[in-house]
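# Breakdown of the fold
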Amino acid sequence: MSADAQQQTEAARLLALKSYQILDTPPEAVYDRAVRLASAFFKAPMALVSLVDAERQWFKACYGLDFRETSRSVSFCAHALEQDGVLVVPDARQDPRFVDNPLVTGELHIRFYAGAPLVTPDGQKLGTLCILDQQPRAPLTPDECQMLQHLADSVVSELELRRTLARLTHQEAVHAAVLNSSLDAVIVMDEHGKVTEWNPAAERLFGYRREELIGQELAAHIIPPEWRDAHQRGLAHYLRTGEGPVLGRRLHLTALRRTGETFPCELAITALDLPNERLFTASLRDLTDVEAAQSALESSNRLLRAVVDTVPEAIFVKDQARRYTMINEAGAAQIGRLVEDILGRTDDELFGAEVASASRLRDEQVLEQAQGITYEVTDQLPDGARRTFWSSKLPAWGPDGTLTGLIGVAIDITERKVSETTIQEHNTLLRSRVEAAQVEVLERLARAAEYRDDDTGEHMTRVGETAAGIAAQLGLSPEEVQLLRRAAPMHDVGKIGVSDSILLKPGRLTPDEFEVVKTHCLIGSNILSGGQSPLVVLAEEIARTHHERWDGSGYPAGLCGEQIPISGRIVAVADVLDALMSERPYKRAWSQAAALAEIQTQAGQHFDPQVVRALEHVLNESGPPLADPAEEAAVPKTVH
């Protein structure tokens, strides 16, 4: 036999030995009798029941020795396992296997050994029943070997019986533990209807102690009087035919407590056909709390359904196949069908192709991503009406956390949308009227300020037109050009706050007077600030920045370059152009050519060069040939 095969064989033998759970157990009389019998029969001073473990041999019973185990390396019995039949060693001193064995050379002086293997029914050798002597002896006869093997076999029979009893004891302990720990009442009844077992749960449930019910008729104690005849008929029918309609099923019945109180219970009966008797096992569970909870749940569901059906908006639930499993009355009314006609169907069966397709895509999004969505949609209902809904769909989860479908709510906002549109249109109209009134007031205010400095008040209109022309040349959008045309005339609205004695002074202004004039920018900005319309916002920007200079020497903030808004840069040029070409108490009107020449000389200092070039294009495209600038050489160049 190969080394691997030997290892496997030994492993199987050790596993079999372990299964008997015999090692290191206290002495037992049956095994002690076996070694005394062997000693007496063979007139041997020593006899053992030896079990060979992995590293030792252990004696379950020993006669003539005062120790319980030795190392396997010195064991005679280990050699007995290597052969079939009884191992006999007449004189160990003459056997090369044992001549140096400490049991032979030491104080024990073993000379004779005979061991019969303990062979289990499946062929595993656990050890030996052996006899030993300190004197050499003649080999055993065949009959003696057979007798020793018979004694060894009886030891194995005892081991088998011991293991079987241990297993039965364990099973009984498990069965008792299960019976006693069961939360359900477990009752065993014989074929005469008498109680043979009654567990603690039955004691608690019915109020009878076990000793009170054993041997008593079951029906008389736990079955209500009105059901006892039916119980007896059912039992008799089963005993007669072997058939029982209540067997193997869970039934909901009424049971009786010791106090006379009845209660709902779940009953399951199993028939046990044993060799010499027929028994019935009944398992009973009190359903009082369960039925109370179920009743409460049903009441809650009815209340919830009533609440859901009174909600004026559609509420529905779909499964993973997008079939409706719940919908309230409002939802059914929207679809135009009865609730029972909708349940179990999909949108494909209830709506037109366009509406069904869009709904399917949204359902699939919720189910695939397991995330809710909210959206506004206008659908055509089955009756042809188009309605707008504010809808939400959320994933629905089962008690075990798995996705079961989706929950949806659809709020009809059609009338609200109509109202919102009406309100928006009304607000737009009202806003436009308010803005128009506001602009009219500001324009009149600006014109009033201009009339103080201009007999005709046309300056503000001309500035607006010139500014619009420059803006168009610069590529501003038509909307921006029109807005600038309307906002630019309000650039000097702040002059309403400057004294006539300064504003209409025919000569040069003193430095102090010029500082007063400069305040009209901030006065105008304050008048126009806080406006909500784009027109007033732009007018405020122009009033505040149209006296800023490209080189940063302007007022009121000293802005330079592109820090100055484009509106302020455009109006600065348009305002100076018209001022130069208009007569004032302190100067004569300039020609267009002279005014343009003056502005061109200030490009890059006072004015944005790009805006000046745009002005040149405007004047070349819109006016007659320019006069010679030399004509105005002697005209004073004072512009406030």
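Report follows, based on the coordinates.

Cut-off values and rules
Residues numbered from 1 in each chain as written. Predicted model: local features only at pLDDT ≥ 70, side-chain atom pairs only at ≥ 80, totals over all residues. Heavy atoms only, no water. Helix = DSSP H or I, 4+ residues; strand = E, 2+ residues; numbered from the N terminus. Rg over C-alpha atoms; globule rule 2.2 N^0.38 Å. Buried < 20%, exposed > 50% of the residue type's maximum accessible area, 1.4 Å probe, protein only. Contact = heavy atoms within 4.5 Å. Areas by Shrake-Rupley, 256 points an atom, 1.4 Å probe, with all protein chains shown as cover. Lys, Arg positive; Asp, Glu negative; His and termini not counted. Charge placed at Lys NZ, Arg CZ, Asp CG, Glu CD. Phe/Tyr/Trp six-rings, centres within 6.5 Å; stacked < 30°, edge-to-face > 60°. Lys NZ or Arg CZ within 6 Å of the ring centre and 35° of its normal. Axes fitted to C-alpha atoms, helices over the stretch in contact; angles between N-to-C directions. Parallel < 35°, antiparallel > 145°, perpendicular 65-115°, else oblique. Left-handed = near helix turned anticlockwise from the far one by under 90°. Pairing = 2+ DSSP bridges. 1 Å grid on protein atoms, 1.4 Å probe; cavity = no way out; pocket = protein on both sides within 12 Å on 5 of 7 lines; lining within 4 Å. Points joined across faces, edges and corners; volume = space filled by probe spheres on them. Nonpolar A, V, L, I, M, F, W, Y, C, P; charged D, E, K, R; others polar. Salt bridge = Lys/Arg side-chain N within 4 Å of Asp/Glu carboxyl O.

## What to know about the overall build of the protein
Looking only at helices and strands, the protein features 24 helices and 16 strands. Expected size for 640 residues packed as a compact globule is a radius of gyration near 26 Å; at 58 Å, the protein overshoots this value by more than 25%. Expressed along its principal axes, the backbone C-alpha trace of the protein runs to roughly 165 × 85 × 45 Å. For the protein, buried positions account for 42% of its 640 residues. Contacts in the protein between residues at least 24 apart in sequence constitute 52% of all its contacts with a sequence separation of at least 6. Surface summary for the protein: the accessible area is close to 34,100 Å², and the carbon and sulfur share equals 53%. Here the protein contributes 64 positively and 94 negatively charged side chains, and the mean placements of these two sets differ by 4 Å.

## Observations concerning the packing of aromatic side chains
Enumeration over the complete set of coordinates arrives at nine aromatic pairs. Between Phe76 and Tyr113 the ring centres are 5.2 Å apart and the planes differ by 35 degrees, which places this aromatic pair in the tilted class. Note that Phe76 is positioned in helix 3 (residues 76-80) and Tyr113 in strand 5 (residues 112-119), a separation of 37 residues in sequence. The two residues Phe76 and Tyr113 agree in class, both being buried. A network of ring pairs unites the aromatic residues Trp198, Phe206, Tyr208 and Phe263 as a single cluster. For Arg163, the ring lying beneath its charged end belongs to Tyr20, and the centroid distance is 4.0 Å.

## A few points about the packing of helix 23 (residues 592-601) against helix 24 (residues 609-622)
Following both chains from N to C, one finds helix 23 and helix 24 inclined at 165 degrees, their axes separated by 10 Å at the closest point. Relative to helix 24, the element helix 23 is oriented roughly antiparallel. Classified by chirality, the crossing of helix 24 by helix 23 is left-handed. Along the contact surface, helix 23 presents Gln592, Leu596, Ile599 and Gln600, while helix 24 presents Val612, Leu615, Glu616 and Leu619.

## A few points about the pairing of strand 11 (residues 278-286)
As judged from the six bridges shared by strand 7 (residues 185-190) and strand 11, these two strands associate in the antiparallel manner. Its bridge partner being in strand 11, Val186 is matched across the sheet by Ser283. Pairing of strand 10 (residues 262-273) with strand 11 involves nine bridges; the strand directions are antiparallel. When the bridges of strand 11 are listed, Asp273 appears paired with Arg278. The hairpin formed by strand 10 and strand 11 contains four residues between the paired strands.

## Digging into empty space enclosed by the protein
Following the criterion strictly, the structure yields four cavities of 30 Å³ or more and no others. Phe316, Tyr324, Phe351, Asp379 and Ala410 are the residues nearest the centre of the largest cavity, which is lined by 24 residues in total. Breaking the lining of the largest cavity down by element, the ones donating at least two residues are strand 12 (314-319), strand 13 (324-327), helix 11 (329-335), helix 14 (353-369), strand 14 (373-380), strand 15 (386-397) and strand 16 (403-412). Per element, the largest residue contribution to the lining of the largest cavity is four residues, and it comes from strand 15. When the residues that make up the lining of the largest cavity are grouped by side-chain class, the tally is 13 nonpolar, six polar and five charged.

## What about the pattern of salt bridges?
This model, assessed by the stated rule, comprises 36 salt bridges. Asp24 is the salt-bridge partner of Arg56, the closest N and O atoms lying 2.8 Å from each other. Taken together, the positions of Arg56 in strand 2 (residues 56-63) and Asp24 in the loop between helix 1 (3-19) and helix 2 (29-42) put the pair 32 residues apart, joining distant regions of the chain. Glu540 serves as the salt-bridge partner of Arg544, at 2.9 Å between the closest nitrogen and oxygen. Within this pair, Arg544 and its partner Glu540 are both found in helix 21 (residues 534-545), separated by four residues, close to a single helical turn. Through salt bridges with shared partners, a single ionic network connects Asp24, Asp53, Arg56 and Glu69.

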